[in-house]
Amino acid sequence: MSSSELEIQQKFSDNQQEQVPNAEINAIKHDSAPEGGQQDFAAAEQYKNKGNDLLKTKEFSKAIDMYSKAIELYPNSAIYYANRALAHLRQESFGLALQDGVSAVKTDPSYLKGYYRRAAAHMSLGKFKQALSDFEYVAKCRPNDKDAKLKFTECSKIVKMRAFERAIAVDKPEKTLSEMYSDMENITIEDDYKGPQLEDDKVTLQFMKDLMEHYKAQKRLHRKFAYKILRNIDEYMREQPSLVDINVPDDEKFTICGDIHGQFYDLMNIFDINGLPSEKNPYLFNGDFVDRGSFSVECIFTLFGFKLLYPNHFFLSRGNHESINMNQMYGFTGEVTAKYNNTMANIFTQVFNWLPLCHCINQKILVMHGGLFSSDNVTLDNIRRIERNCQPPEEGLMCELLWSDPQQWMGRGPSKRGVGIQFGPDVTEAFCNLNKLDYIIRSHEVKDMGYEVAHNGQCITVFSAPNYCDTMGNMGAFITITGNNLKPNYRSFEAVPHPDVKPMAYANSLMNWLA
């Protein structure tokens, strides 16, 4: 590889984020055709070029297919692995992206973009030390490259911050928010504040209506009322089990929604289509309320407000993005800090730890964010006994409830995300039979129509963030059932306009480059 080719490869920076996709795809060195394999190499290059075009148009699955065909014909090109890794990153298949990053580095240790891909996958999985070693290597290879130095410096800051947080952490009796932040009880409300106010510290229907209109106008809830909502949610959620049982009476409708991811105006559209939550119109939102979308604060206070207003008719499950690693990288922590302060961001971390992990409807439908388990014979009682007041672990029942995905083939396999597992139709059938369930509902994955029915109807995915991250072009969906007819009914819907604040606007600066 010539020095000029290296210069071309590395000339993208955080100041050129709008051009990153094209730069990453087009700034590619050209391999020499292998002796005796010119036809295979030429065909592989054609597949690679098709993959690059598909990557530009955000057709990631098709791009992955093209890169895979190129690799089959000519497996000695680091470029093919690195480009496929980028497509996997766009699909949030971080485990597969990591595999391709490793393959790119192994195939050509001089191809620095392979180290970037591996680092991106490691960071997406919360493995910052591993990412740092790759950024450090690139910075040493390119000592005059300001972009490489910046990425190393930013990742180093994250690693040091995590080390500091661990160093000052001490074991202490669990305290409520009102005990930990008593000074926030007496925050003064400024005379010029004209927004919604709690009545005797209680959420009312009028407050919720005013709050949603306030948010639509891009105004903020006063920090005193924001804190009181979090305090009240914290007190309520501490008393809830890890698995919540829901009884839907005969002939009454119940709605299940999937990921929202900070897309507040699409959340409002759900309520426009399906009606506001009420005792006669109950809802369950199945995790990943925040991150990526830049109106996560508005989403979470709306959802928490309705939970306080209708505690027995509005339900919230924890997703994998209700965690400190995800929030610090994908925007929620930055957004809360920008709209309130760092203390409020820390409060959210505690509140999220108490969110229930799943819900069982009429003893027949289990709803969790991710999926099923690496172990056989897991019962609902096993789930009820999970101690959930913690950050999600990297393995075990809680991890798999938040991270796992279904697969088409039988058995179990490693997760494409690098966390949790993949489980087949036989696993779902055995789990449902053991626990006398009709089917499971989960979220966690973008689907073209906002939902997908798999595993002979026993595994249903629902995803409620249309045109995810303003790029995916998918529809959102929600599911409705009635108490005496548990057959799912699907309603897909398109994205609605939102103010000109891009997704990931509050994300970690390094993550913005990676994403």
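Residues numbered from 1 in each chain as written. Predicted model: local features only at pLDDT ≥ 70, side-chain atom pairs only at ≥ 80, totals over all residues. Heavy atoms only, no water.

> Would you take a moment to explain the packing of helix H5 (residues 78–90) against helix H6 (residues 94–107) for this structure?
To characterise two packed helices, one gives the angle between the axes of the helices and the distance between these axes. One can describe the packing of H5 onto H6 by two numbers: an axis separation of 8 Å at closest approach and a directional angle of 165 degrees. Classified by the interaxial angle, the pair formed by H5 and H6 is roughly antiparallel. Between H5 and H6 lies a crossing whose hand is left-handed. Only Phe94, Leu96, Ala97, Asp100, Gly101, Ser103, Ala104 and Thr107 of H6 make contact with H5, whose side of the interface consists of Ala78, Tyr81, Ala82, Arg84, Ala85, His88 and Leu89. (Axes fitted to C-alpha atoms, helices over the stretch in contact; angles between N-to-C directions. Helix = DSSP H or I, 4+ residues; strand = E, 2+ residues; numbered from the N terminus. Parallel < 35°, antiparallel > 145°, perpendicular 65-115°, else oblique. Left-handed = near helix turned anticlockwise from the far one by under 90°. Contact = heavy atoms within 4.5 Å.)

> Where do I start with empty space enclosed by the protein in this structure?
Here the idea is plain: a probe the size of a water molecule rolls over the atoms and shows the empty space left. Following the criterion strictly, the structure yields four cavities of 30 Å³ or more and no others. Considering only enclosed or pocket space, the largest cavity measures out at about 110 Å³ in volume. Every residue lining the largest cavity is counted, 16 residues in all, and those nearest its centre are Gln263, Gly293, Phe295, Asp470 and His498. (1 Å grid on protein atoms, 1.4 Å probe; cavity = no way out; pocket = protein on both sides within 12 Å on 5 of 7 lines; lining within 4 Å. Points joined across faces, edges and corners; volume = space filled by probe spheres on them.)

> Even after reading the chapter, I still don't get the sheet that holds strand S10 (residues 439–442), so can you show me in this structure?
Backbone hydrogen bonds are what pair the strands of a sheet, in a parallel or an antiparallel way. In spatial order, the strands read S1-S5-S6-S10-S12-S11; together these six strands make up an open sheet with mixed pairing. A strand with exactly one partner marks an edge of an open sheet, and here the two such strands are strand S1 (243–246) and strand S11 (451–454). Adjacent strand axes in the sheet meet at a mean angle of 20 degrees, parallel and antiparallel pairs treated alike. The pairing of strand S5 (residues 358–361) with strand S6 (residues 365–368) spans four bridges and is classified as antiparallel. Among the inter-strand pairings, Ile361 is bridged to a residue of S6, identified as Ile365. Contacts between helix H20 (residues 425–435) and the sheet are confined to S6, S10 and strand S12 (459–462), with S10 contributing the most and set at about 115 degrees to the helix. (Pairing = 2+ DSSP bridges.)

> Help me understand helix H17 (residues 342–353) in this model?
With twelve residues, H17 should reach 16 Å at 1.5 Å per residue; the first-to-last C-alpha distance of 17 Å fits that figure. Most of H17 sits out of view: nine of its twelve residues are buried. Along H17, the residues classified as buried are Met344, Ala345, Ile347, Phe348, Thr349, Gln350, Val351, Phe352 and Asn353. Where H17 is buried, its residues meet helix H10 (177–180), helix H12 (223–237), helix H14 (296–309), helix H15 (324–330) and helix H16 (332–339). Between the side-chain oxygen at the start of H17 and the backbone nitrogen of Thr343 there is a gap of 3.2 Å, and the oxygen is on Asn341. (Expected span 1.5 Å × (residues − 1). Buried < 20%, exposed > 50% of the residue type's maximum accessible area, 1.4 Å probe, protein only. Polar contact = N/O pair within 3.5 Å; in protein donor to acceptor, adjacent residues only side chain to side chain.)

> When you look at the sheet that holds strand S3 (residues 283–285) in this model, what are you seeing that I'm missing?
Taken together, the five strands give an open sheet; going across it, the order is S4-S3-S2-S13-S14, and neighbouring strands pair in mixed fashion. Since the sheet does not close on itself, it has two edges, and those belong to strand S4 (314–316) and strand S14 (485–493), each with one partner. Each strand of the sheet is rotated relative to its neighbour by a mean of 20 degrees, with strand direction disregarded. As paired strands, S3 and S4 are joined by three bridges and run parallel to one another. Considered in S4, the bridge of Phe285 is made with Leu316. Running over the sheet, H14 touches S3 and S4 and is turned about 130 degrees from S4.

> In this structure, what is going on with the packing of aromatic side chains? I would like to understand it.
Note on aromatic pairs: each is described by the distance of the centres and the angle between the planes. Within the structure shown, the criterion is met by 26 aromatic pairs. Here Phe254 and Phe315 contribute two aromatic rings whose centre-to-centre distance is 6.2 Å and whose plane-to-plane angle is 45 degrees, an arrangement assigned as tilted. Of this pair, Phe254 sits in strand S2 (residues 253–257) while Phe315 sits in strand S4, and the two are 61 residues apart along the sequence. When its relative accessible area of 1% is taken as the criterion, Phe254 is described as buried. The exposure class assigned to Phe315 is buried, which follows from its relative accessible area of 8%. Centroid distance Phe306 to Phe314: 5.8 Å. Interplanar angle 35 degrees. Geometry classified as tilted. Here Phe314 falls in the buried class, since its relative accessible area comes to 0%. Joined through ring pairs, the aromatic side chains of Phe271, Tyr283, Phe285, Phe306, Tyr310 and Phe314 make up one cluster. Positioned over the ring face of Tyr116 is Lys151, at 5.8 Å from the centre of the ring. (Phe/Tyr/Trp six-rings, centres within 6.5 Å; stacked < 30°, edge-to-face > 60°. Lys NZ or Arg CZ within 6 Å of the ring centre and 35° of its normal.)

> Please clarify how the pattern of salt bridges should be interpreted in this entry.
Any two side chains of opposite charge can pair, so long as their charged atoms come close to each other. Inspection of the entire model under this criterion finds 28 salt bridges. A salt bridge links Lys127 to Glu394; the nearest nitrogen and oxygen atoms lie 3.7 Å apart. Taken as a pair, Lys127 in the loop between helix H7 (112–124) and helix H8 (128–141) and Glu394 in the loop between helix H18 (380–384) and helix H19 (397–403) lie far apart in primary sequence, 267 residues in all. In this structure, the salt-bridge partner of Glu190 is Arg223, at a minimum N-O distance of 3.5 Å. (Salt bridge = Lys/Arg side-chain N within 4 Å of Asp/Glu carboxyl O.)

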